[in-house]
Amino acid sequence: MTTGSTIAATNSALDSPELGNHLHAFVAELYPICSSITGNGLREILRRIGQRIPLQIHEVPTGTQVFDWTVPREWNIRDAYVHNSRGEKVIDFKNSNLHVMNYSIPARAKLSLQELKEHLHALPGRPDWIPYRTSYYRETWGFCLTQRQLDSLPEDDYEVVIDSSLEDGSLTYAECLIPGKSKEEILISCHACHPSLCNDNLSGLAVATFLAQALAGVERRFSYRFLFIPGTIGSITWLSRNEHIVPQIKHGLVLACVGDNGAFSYKKSRRGNAEIDQAILHLLATSGNPYNVRDFSPYGYDERQYCSPGFNLPVGCLNRTQHGKFPEYHTSADNLSFVTPQSLAGTLRFCLNVFRLLENNLTYLNLNPKCEPQLGRRGLYRLMGGLPDAGARELAMLWTLNLSDGDHSLLNIAERSGLRFEAIQQAAEVLSKNGLLRPTGNATHI
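In this text, all values refer to a predicted model and were calculated from it rather than measured experimentally. (Residues numbered from 1 in each chain as written. Predicted model: local features only at pLDDT ≥ 70, side-chain atom pairs only at ≥ 80, totals over all residues. Heavy atoms only, no water.)

**Points about the overall build of the chain**
Thought 1: For the chain, the count of helices and strands is 13 helices and 19 strands.
Thought 2: The C-alpha extent of the chain, read off along each of the three principal axes, is 95 × 45 × 40 Å.
Thought 3: By residue count, 56% of the 446 residues in the chain fall in the buried class.
Thought 4: In the chain, the proportion of contacts linking residues at least 24 apart, taken out of those at least 6 apart, comes to 80%.
Thought 5: Of the roughly 19,100 Å² of accessible surface on the chain, 48% is carried by carbon and sulfur atoms.
Thought 6: For the chain, the distance from the average position of its 42 positive side-chain charges to the average position of its 45 negative side-chain charges is 7 Å. (Helix = DSSP H or I, 4+ residues; strand = E, 2+ residues; numbered from the N terminus. Buried < 20%, exposed > 50% of the residue type's maximum accessible area, 1.4 Å probe, protein only. Contact = heavy atoms within 4.5 Å. Areas by Shrake-Rupley, 256 points an atom, 1.4 Å probe, with all protein chains shown as cover. Lys, Arg positive; Asp, Glu negative; His and termini not counted. Charge placed at Lys NZ, Arg CZ, Asp CG, Glu CD.)

Okay, here's the thing in structure tokens:
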């Protein structure tokens, strides 16, 4: 286990004003990589993450049955472009990964403008943005371009080249397990399949990577399992191969769209009142900042797989602006200027606060339950009586003593009392040191 100096150093690093710049720099490092749900782009993303934290890489062969799904063929792309009759590239994959519809099959053809337009995708309402489109489970091809590019294409004969492959291979995912005192786990999951989209979800990958680094440097009650997976098929594949691990998952969080300047938005688990839901709602409500909370729905990110009825895991989803609620979503405008160092660092610190709360959310037993103990003779109460306000510290002690009956956690007490979790936790520690409470478990200090 770590020493106090190591913990202090970790906390100091998290408080550094340079933290956000380091996170943003990692997003910038991943930004040029053309990732997808399979293939070498995804492997390269995982390789870069693996340079920072220890990863176990898994390859699952094409055709593997994973519940009702089948692992698809592996897609790789080397180049793609559209030439006009003068040999000029009017669309070039090398200028933007988004120019090619992700998972496009190989193509070589000469087409008229009308024929070409059947394979082109643009955004009329955002004429300078390139849309992000995929064809994962249907074999076709296409290009994405700005509406201005599309409008500027004259009648001509065009040559289309997509130098890609769609062949038997494997699906790749990675996990990082940071063991704690307990085998009970906190699951953190991020999708790694979107190319050159910073908020969705290079932001989640960066925050999760730095979280793993921070948590590895402190004493932990829980074990932490980080998953870096392709969306939907990745979580389905992981769950199908790890049903024996599922009972160990005590809390879980999907991280996506966590780098923009929006307020935090939290989607509850299917259970709706899981401890992770209560913890995040408490921290949001006591933050003094605007936030949004929404109930579970079976639409969104990988929380819908973890929360499927056969598993019903306590997994919520943390965003800043919710997916689909910002115009830059799934477009080239979700770029390096859309995510900010301050927001990335703020998300990292908020997640660490969530885990700190969960680590320390114990249940205590009052060892002197018959009437209030005399706090004054123990030096725990104000010596002068009759003041109109007993003070937050004394109030926290009184609430903690009253509800420490073995049935109420510290978070329950904080919610019932209307006080911050930190005040209740500190009261419990003081009361325990003075022989008035006994914890029913072991807390740690992240």
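Here the narrative resumes.
**Section: the packing of aromatic side chains**
Thought 1: What the rule picks out here adds up to 11 aromatic pairs.
Thought 2: Here Tyr224 and Phe355 contribute two aromatic rings whose centre-to-centre distance is 5.4 Å and whose plane-to-plane angle is 70°, an arrangement assigned as edge-to-face. Separated by 131 residues along the polypeptide, Tyr224 in strand β12 (residues 223-229) and Phe355 in helix α10 (residues 341-360) bring together distant segments of the chain.
Thought 3: Its relative accessible area of 0% is what places Phe355 among the buried residues.
Thought 4: What links up through ring pairs into an aromatic cluster is the set Trp69, Trp75, Tyr103, Tyr136 and Tyr137.
Thought 5: When the ring centre of Tyr81 is taken as reference, the NZ or CZ atom of Lys89 above it lies at 4.7 Å. (Phe/Tyr/Trp six-rings, centres within 6.5 Å; stacked < 30°, edge-to-face > 60°. Lys NZ or Arg CZ within 6 Å of the ring centre and 35° of its normal.)

**Observations concerning the nonpolar core**
Thought 1: Ranked by size, the top nonpolar core spans 77 residues in total, and within it Leu205, Leu211, Tyr224, Phe226, Phe228, Leu255 and Phe355 carry the most contacts.
Thought 2: In terms of residue count, the dominant contributor to this core is helix α6 (residues 198-216) (11 residues).
Thought 3: Counting residues in each nonpolar core, the second largest holds 60 residues, with Cys144, Leu150, Ile229 and Leu239 among its members. (Core = buried A, V, L, I, M, F, W, Y, C linked by side-chain atoms within 4.5 Å.)

**Focus on the sheet that holds strand β18 (residues 405-409)**
Thought 1: Ordered by their spatial adjacency, three strands build an open sheet running β18-β17-β19, and the pairing between neighbours is antiparallel. At either end of the open sheet lies a strand with only one pairing partner, and these are β18 and β19 (437-439). With strand direction ignored, the average angle separating the axes of adjacent strands in the sheet is 35°. (Pairing = 2+ DSSP bridges. Axes fitted to C-alpha atoms, helices over the stretch in contact; angles between N-to-C directions.)

**A word on the pairing of strand β10 (residues 170-178)**
Thought 1: Within β10, eight of the nine residues are buried, leaving the element largely enclosed by the surrounding structure.
Thought 2: When strand β1 (residues 56-61) meets β10, the two strands line up antiparallel, connected through six bridges. Note that in β10 the partner of Val60 across the bridge is Leu171.

**A short note on the sheet that holds strand β5 (residues 89-92)**
Thought 1: A sheet is described by the order of its strands in space; here four strands give the open sequence β5-β4-β9-β6, paired in antiparallel fashion. Of all strands in the sheet, those with a lone pairing partner are β5 and β6 (107-112), marking the two edges. Ignoring strand direction, the axes of neighbouring strands in this sheet form an average angle of 15°.
Thought 2: Where β6 lies against strand β9 (residues 157-167), six bridges are found, and the strand directions are antiparallel. Looking across to β9, one finds that Leu111 is bridged to Tyr158.

**Things to note about the side chain of Thr340**
Thought 1: By the element assignment, Thr340 lies in the loop between β16 (315-319) and α10.
Thought 2: According to the relative accessible area criterion, Thr340 is buried, its value standing at 12%.
Thought 3: The residues contacting Thr340, other than those within four sequence positions of it, are His24, Gly259 and Asn261.

**Regarding helix α2 (residues 19-30)**
The α-helix winds at 3.6 residues per turn, so residues separated by three or four positions along the chain end up facing the same way.
Thought 1: Here α2 spans 17 Å end to end across 12 residues, near enough to the 16 Å set by a 1.5 Å rise per residue.
Thought 2: Within the span of α2, buried status applies to Leu19, Gly20, Leu23, His24, Phe26, Val27 and Leu30. Within α2, the buried residues cover an arc of 155° as seen down the axis, which keeps them to one side. (Expected span 1.5 Å × (residues − 1). Arc of directions from axis to C-beta.)

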